[in-house]
Amino acid sequence: MANNADFEPTLIGFLCRWCSYQGADLAGTSRLKYPPNLVPIRVNCSGRLDPVFILHALRSGADGVLVAGCHPGDCHYHDGNYKALRRVVMMKKALETFGIDPRRVKLQWISASEGELFAQTIRSFVEEIKALGPMEREGKPAAAQAPAEVKEAALHAEEARVLKGEG
Amino acid sequence: MVRLIINGREVEALEDTTVLQAARRAGIDIPTLCYHEALSPYGACRLCIVETGVRGATKLAASCAMPVEEGLQVLTHSPRVLDARRRVMETLLRRHPGAVEKLAPLARSMGVEPPEPAPGEDPCILCGLCVRTCEEIAGVRAISFVGRGDERKVSTPFDRPSDTCIACGACAYVCPTGAIKIEQVEQVRHSELVLGPNKAINVPFLQAVPKTPVIDTRYCIHFRTGACSVCQRFCEPGAIDYSMEEKEEEIEVGTIVVATGFQTFNPSRLAEYGYGKLPNVITSLEFEKMSNAGGPTAGQILMTDGRKPQTIAILHCVGSRDENNLPYCSRVCCMYSLKTAHLAKEKTSAKIYELYIDMRAFGKGYEEFYKRVLSEDVIVIRGRGAEVTTYAQSPEEEGKLTVLCEDTLMGKRRRLPVDMVILSVGLQAQADAAQLARILGISRSADGFFMERHAKLGPVETNTDGIFLAGACQGPKDIPDAVAQGGAAAAGALSLIDAGEVLLEPFTAVIDEERCSGCGICEPMCPYRAITYDGEPRVAKINEAVCKGCGACAAACPGGVISARGFTDAQVLAEIEGALAPVAA
């Protein structure tokens, strides 16, 4: 897999309304810094996640998929997160048979008060996908896969960091 | 009712009572030593002697054992009676010199000058109260009278340590002369804060709601041995029912206000302060209990040896603002520490040190109070208390608790020898907050308290409609703030109830029953049992009134026949494609 330093992954995140989406909101209100690579899609519960959505995302341009829900035992709908867990585990196995690196799908429990955890999850996931390189898709050259806006934003973020001396 | 004539006056007495009881009920004071209203009479001490019968044919008898009779004539304070009682008391005191100290006031009130007290002697006056108590109240008969004449005493069989004694303490409690001592009475704990022994039936604290006594069945003798029942016998309205058991009730409600409060930080974790090991190191809450006029010391501030402390140190932020314990500030401790200093100063005039990090006096009148406490010569030192030690390094520190700290304004380390250390403990969520959050389906913030919907705009709601928060369960706060929040929560709950109807979200699931293949996979998916799987042919049906819209069934349906309204497959897939459109292009 090609791994150019320019590569800015595009990530899709399925966030549950009651916990992980609120955690993401909290990261925002707390002004936490994290890379802008993830597009969140809100569902009522991580249990809504049809495993096909993961496949569809990877097929449609995402380099990685994050599934985030309430901590086990805390699901707003009782046990939807357990269903999500089973489906993600199953999907990762399926991806492996398809020849797709299962590390492109990440499952993380994030509660409504865990803004920092959300930010940190994004930071780590972006680095992990960068290391894996862009997702190979039929007929698409590897290098041109990050959308222009994402590359632009990443460049600004890099500049800001350097100016502040954070390196 | 039975009619007696006591001291020439007609007195009505209840049937099956004694002359003593009738006289006392009529307000006539007859001294006793071996009588107790909860025990059967014994007639040992003879102090309750009265004169009965008609003039010329009277006799002296113990009124505690004399049943009332219609027309009985009784003299309780005739010269003959008074003389007899005085002789009884004199004999008693001479026979039991060890009891003189305790009985002297009663003797003097009868006109008897007590002999010199002999504190080393046995104070037991053989009144038998302890024996009767052990038999009738405790129901175990661990002690009784043994020996005769001069050798008569109260003891266990063969003077051996008793296996049957249940250490209830009742014998020590009824003994009029303190002849029975109980060592290491187990402290009855109705809360964490009891500083002294308590009774098995009591009102937990003065502000309890409802303010009715409750029996702790772990310690109640009736529940341990089947005996006693004194409380039930003496309850006039007959309110005591030993067969009452805890009941579980199911109540259906439309709104819930969670006001479950907080717990204080337990400073036993902080070995450096010696809480639980060193005497006279107490928490602020224990100080509060001691300071309460209804508390174990009747409001006095005392050390464990009964003395008033002459120097006190109050340590702020115990457990709070601490990366290793509670990282947050508990908000109320600075102000309650100042109050503690103020109260302690008032009650003991002790020299008071207050060790603080910052002084957070943020509310109405708070800064003014702070100034006032400063003007009362409370010595405030800016520096967290580091250690409390009994290891003396100078003569002033001998026998004291020495508090080590750094006075950051002076730039010096200091050692403060004090008599008492009060730890201002922080506030934390209740121990069962996680469990309660799960039961109610609400979230907790990172600090463990219940999470409000929005830090600024939703301080009393939770993310779950209909469940509100009030008070310290949502975060440390003082009484005015808790009251305000309680009002807001109540208003929120009321506005829901008032509306008469509830607006529900439309995100329910719907099945195309015609296309349902009847596989039955969806039915166990629903946590609310909104899906029924039956009929002819068997297909799944969804009860939309019960459906909460989680979408788990829609995700599971292999035929794609269930639509989760608002989050249909088509909608989510369109979102995915839309989000990735710039990349896919």
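Quantities reported herein were computed from a predicted structural model and do not represent experimental measurements.

Quick look at the overall build of chain A
Part 1 of the reasoning: If you tally the helices and strands in chain A, you get 5 helices and 4 strands.
Part 2 of the reasoning: Reading chain A from its N terminus to its C terminus gives the helix and strand order β-α-β-α-β-α-β-α-α.
Part 3 of the reasoning: Across the 167 residues that make up chain A, the buried fraction comes to 50%.
Part 4 of the reasoning: Long-range contacts, defined here as pairs at least 24 residues apart, represent 80% of the contacts in chain A between residues at least 6 apart.

A look at the overall build of chain B
Part 1 of the reasoning: Secondary structure assignment for chain B yields 14 helices and 25 strands.
Part 2 of the reasoning: Taken against the 2.2 N^0.38 rule, which gives 25 Å for 585 residues, the C-alpha radius of gyration of chain B at 36 Å runs more than 25% over that of a compact globule.
Part 3 of the reasoning: Summarising its shape, the C-alpha atoms of chain B cover approximately 125 × 80 × 50 Å along the three principal directions.
Part 4 of the reasoning: Of the contacts formed within chain B by residues at least 6 apart in sequence, a portion of 59% connects residues at least 24 apart.

Details of the domain arrangement of chain B
Part 1 of the reasoning: We note that the domain assignment places domain 1 (2-109), domain 2 (129-174), domain 3 (254-503) and domain 4 (509-582) within chain B.
Part 2 of the reasoning: Each of domain 2 of chain B and domain 4 of chain B was reduced to a C-alpha centroid, and the two centroids are 76 Å apart.

Examining the pairing of strand β3 (residues 64-69) of chain A
Here is the key point about a regular strand: its side chains alternate between the two faces of the sheet.
Residues and elements named next belong to chain A.
Part 1 of the reasoning: Most of β3 sits inside the fold, with 6 of its 6 residues counted as buried.
Part 2 of the reasoning: Relative to β3, strand β1 (residues 11-16) runs parallel, the two being bridged by 5 bridges. Directly across from Ile12, in β3, lies its bridge partner Val65.
Part 3 of the reasoning: As judged from the 5 bridges shared by β3 and strand β4 (residues 105-109), these two strands associate in the parallel manner. If you follow Val65 over to β4, its bridge partner there is Val105.

A closer look at the nonpolar core
Part 1 of the reasoning: Of all hydrophobic cores here, the largest spans 132 residues; its most connected members are Val67 of chain A together with Ala313, Val421 and Cys553 of chain B.
Part 2 of the reasoning: Looking at this core, you find at least three residues from each of domain 3 (254-503) and domain 4 (509-582) of chain B.
Part 3 of the reasoning: Residues in contact with Val421 of chain B, not counting those within four places in the same chain, are Asn280, Val281, Ala313, Leu315, Val388, Leu401 and Val403 of chain B.
Part 4 of the reasoning: The next biggest cluster of nonpolar side chains, apart from the first, holds 48 residues, and it includes Leu33, Cys48, Leu92 and Cys168 of chain B.

Considering the interface of chain B and chain A
Part 1 of the reasoning: Counting residues at the interface gives 30 residues for chain B, matched by 33 residues for chain A.
Part 2 of the reasoning: If one sorts the elements of the side of chain B that touches chain A by residue count, helix α14 (residues 569-584) of chain B sits on top with 11 residues.
Part 3 of the reasoning: Among the residues making up the side of chain B that touches chain A, the classes are represented as 18 nonpolar, 6 polar and 6 charged.

Quick notes on the packing of helix α9 (residues 333-348) of chain B against helix α10 (residues 366-375) of chain B
Residue and element names in this part refer to chain B.
Part 1 of the reasoning: It is the contact of α9 with α10, at a shortest axis distance of 10 Å, that shows an interaxial angle of 35°. Where α9 crosses over α10, the handedness of that crossing is left-handed. Only Tyr366, Phe369, Tyr370 and Val373 of α10 make contact with α9, whose side of the interface consists of Met335, Leu338, Ala341 and His342.

Points about the packing of helix α8 (residues 284-291) of chain B against α9 of chain B
All names here are of chain B.
Part 1 of the reasoning: For the pair α8 and α9, interaxial distance at closest approach is 11 Å and the crossing angle is 40°. Viewed along their axes, α8 and α9 adopt a mutual orientation that is oblique. The element α8 and its partner α9 pack so that their crossing is left-handed. Where α8 approaches α9, its residues Ser284, Phe287 and Ser291 are matched on the opposing element by Tyr336, Ser337, Thr340 and Leu343.

Some points on the sheet that holds strand β2 (residues 9-13) of chain B
Residues and elements named next belong to chain B.
Part 1 of the reasoning: The strand order β2-β1-β5-β3-β4 describes an open sheet built from 5 strands, whose pairing is mixed. In the strand order of this sheet, the two ends are held by β2 and β4 (59-62), each with one partner. For this sheet, the mean angle separating the axes of adjacent strands, direction not counted, is 40°.
Part 2 of the reasoning: Bridging between strand β3 (residues 49-52) and strand β5 (residues 73-75) involves 2 bridges; their strand directions are antiparallel.

Describing α9 of chain B
Residues and elements named next belong to chain B.
Part 1 of the reasoning: Compared with the 22 Å implied by 1.5 Å per residue over 16 residues, the 21 Å span of α9 between its first and last C-alpha is a close match.
Part 2 of the reasoning: Residues Cys333, Cys334, Ser337, Leu338, Thr340, Ala341 and Ala344 constitute the buried set of α9. Looking straight down α9, one finds its buried side chains confined to an arc of 155°; they lie on one side.
Part 3 of the reasoning: Buried residues along α9 sit against α8, β13 (311-318), β14 (351-356), α10 and β19 (420-425).
Part 4 of the reasoning: Count one or two residues on from α9 and you reach Ser349, which has phi positive near 55°.

Details of the sheet that holds strand β2 (residues 38-43) of chain A
Residue and element names in this part refer to chain A.
Part 1 of the reasoning: Within the open sheet, the 4 strands sit side by side as β2-β1-β3-β4. Their pairing is parallel. Of all the strands in the sheet, the pair left with one neighbour each is β2 and β4. Direction aside, neighbouring strands of the sheet carry axes that sit 20° apart on average.
Part 2 of the reasoning: Running over the sheet, helix α1 (residues 20-29) touches β1, β2 and β3 and is turned about 115° from β1.
Part 3 of the reasoning: Strands in contact with helix α3 (residues 80-98) are β3 and β4; relative to β4, the strand with the most contacts, it is inclined by about 160°.

Topic: the environment of Met89 of chain B
Residue and element names in this part refer to chain B.
Part 1 of the reasoning: If you trace the backbone, Met89 turns up in helix α2 (residues 79-95).
Part 2 of the reasoning: Met89 sits in the buried class, given 24 other C-beta atoms within 10 Å.
Part 3 of the reasoning: For the pair formed by Met89 and Gly111, sequence separation is 22 residues and the distance between their alpha carbons is 9.8 Å.
Part 4 of the reasoning: Other than its neighbours up to four places away in sequence, Met89 contacts Leu47, Ala107, Met110 and Val112.

Things to note about unusual backbone geometry
Residue and element names in this part refer to chain B.
Part 1 of the reasoning: Each neighbour pair has its own omega, and for Val209 with Pro210 the value is -5°, a cis peptide bond.
Part 2 of the reasoning: Within the secondary structure, Pro210 is located in the loop between β8 (201-202) and β9 (214-215).
Part 3 of the reasoning: Along the chain, Glu536 connects to Pro537 via a cis peptide bond; the corresponding omega equals 0°.
Part 4 of the reasoning: Phi angles above zero are rare outside glycine, and Asp159 is one such case at about 60°.
Part 5 of the reasoning: As for its placement among the helices and strands, Asp159 is situated in the loop between β7 (153-155) and α5 (170-174).
Part 6 of the reasoning: A positive phi is found at Ser229, a non-glycine position, where the angle reads about 70°.

Let's talk about the confidence of the model for chain B
Residue and element names in this part refer to chain B.
Part 1 of the reasoning: Overall, the prediction assigns chain B a mean pLDDT of 90, with 97% of residues at 70 or greater.
Part 2 of the reasoning: Every residue in residues 185-194 scores below 50 in pLDDT, and together they form 18 contacts with partners more than four places removed in sequence or on other chains.
Part 3 of the reasoning: Confidence metrics for the complex model read pTM 0.70 and ipTM 0.82.

Some remarks on the pairing of β3 of chain B
All names here are of chain B.
Part 1 of the reasoning: Of the two faces of β3, the one holding Ile49 and Glu51 and the one holding Val50 and Thr52 are both buried throughout.
Part 2 of the reasoning: Bridge count between β3 and β4: 4 bridges; the pairing is antiparallel. The residue of β4 that forms the bridge with Ile49 is Ala62.

About the criteria used
- Residues numbered from 1 in each chain as written.
- Chains lettered and ligands numbered in written order.
- Predicted model: local features only at pLDDT ≥ 70, side-chain atom pairs only at ≥ 80, totals over all residues.
- Helix = DSSP H or I, 4+ residues; strand = E, 2+ residues; numbered from the N terminus.
- Buried ≥ 20, exposed ≤ 12 C-beta atoms within 10 Å, placed from the backbone.
- Contact = placed C-beta atoms within 7 Å.
- Rg over C-alpha atoms; globule rule 2.2 N^0.38 Å.
- Domains from an automatic or database assignment.
- Pairing = 2+ DSSP bridges.
- Core = buried A, V, L, I, M, F, W, Y, C linked by C-beta atoms within 7 Å.
- Nonpolar A, V, L, I, M, F, W, Y, C, P; charged D, E, K, R; others polar.
- Axes fitted to C-alpha atoms, helices over the stretch in contact; angles between N-to-C directions.
- Left-handed = near helix turned anticlockwise from the far one by under 90°.
- Parallel < 35°, antiparallel > 145°, perpendicular 65-115°, else oblique.
- Expected span 1.5 Å × (residues − 1).
- Arc of directions from axis to C-beta.
- pLDDT = per-residue confidence, 0-100.

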